[in-house]
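Examining the three-dimensional arrangement
The residues making up each chain are set out below.
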Amino acid sequence: MFSGPTASSLILHWTGGAWKRVTSPHLGGAKGRDTLDGVTAISGADLWAVGNGGGPTQNLAFHCC
């Protein structure tokens, strides 16, 4: 999603009846530099997302069960 001159990640969750927006974490790096680069679902109970928090040492990996 783009908002003005900066960009931010847009994360949506399917509830079974509608899409719901989920807050994307921000680690305090350069404003608008957080990125969500990849998402995979192994199963409905094994989800992974990776990205960057705005700097070379702020790599992100999220796991949801």
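Small disclaimer: the values here were computed from a predicted structure and weren't measured.

Before going further, it helps to spend a moment on the overall build of the protein. Assigned secondary structure in the protein consists of zero helices and seven strands. The buried share among the 65 residues of the protein stands at 12%. Restricting the contact set of the protein to residue pairs at least 6 apart, pairs at least 24 apart contribute 18%. Accessible area of the protein: about 4900 Å², with a carbon and sulfur share of 61%.

Pairing analysis gives seven bridges linking strand 5 (residues 35–43) to strand 6 (residues 46–52), with the strands arranged antiparallel. Residue pairing in the sheet places Leu36 in a bridge with Gly51 of strand 6. Connecting the antiparallel pair strand 5 and strand 6 is a turn made up of two residues. Bridging between strand 6 and strand 7 (residues 59–64) involves six bridges; their strand directions are antiparallel. Counterpart to Gly51 in the pairing with strand 7 is Leu60. Where strand 6 folds back on strand 7, the antiparallel hairpin that results is connected by six residues, among which Gly54 adopts a positive phi of roughly 110°.

Turning our eyes to something else, we now look at the side chain of Asn52. Within the secondary structure, Asn52 sits in strand 6. Polar side-chain contacts of Asn52 include one of 3.3 Å to the side chain of Asn59.

Attention now moves to the environment of His63. Mapped onto the elements, His63 comes out in strand 7. Considered as a pair, His63 and Thr40 are 23 residues apart in the sequence and their alpha carbons are 9.9 Å apart. In this view, His63 contacts Asp46, Leu47 and Trp48; residues no more than four positions away in its chain are not counted. Within the structure, the side chain of His63 is placed 2.8 Å from the side chain of Asp46, a separation counted as a polar contact.

Quick look at the confidence of the model for the protein now. Here the protein shows a mean pLDDT of 76. Residues at 70 or above account for 71%. For the protein, the element scoring lowest by mean pLDDT is strand 1 (residues 2–3), at 50; strand 4 (residues 19–22) scores highest, at 88.

The next subject is the sheet that holds strand 7. If you walk across this open sheet you meet the three strands as 5-6-7, and the pairing is antiparallel. Strands at the two margins of the open sheet, each flanked by one partner only, are strand 5 and strand 7. Taking each pair of neighbouring strands and ignoring which way they run, the sheet shows an average axis angle of 15°.

What counts as what
Residues numbered from 1 in each chain as written. Predicted model: local features only at pLDDT ≥ 70, side-chain atom pairs only at ≥ 80, totals over all residues. Heavy atoms only, no water. Helix = DSSP H or I, 4+ residues; strand = E, 2+ residues; numbered from the N terminus. Buried < 20%, exposed > 50% of the residue type's maximum accessible area, 1.4 Å probe, protein only. Contact = heavy atoms within 4.5 Å. Areas by Shrake-Rupley, 256 points an atom, 1.4 Å probe, with all protein chains shown as cover. Pairing = 2+ DSSP bridges. Polar contact = N/O pair within 3.5 Å; in protein donor to acceptor, adjacent residues only side chain to side chain. pLDDT = per-residue confidence, 0-100. Axes fitted to C-alpha atoms, helices over the stretch in contact; angles between N-to-C directions.

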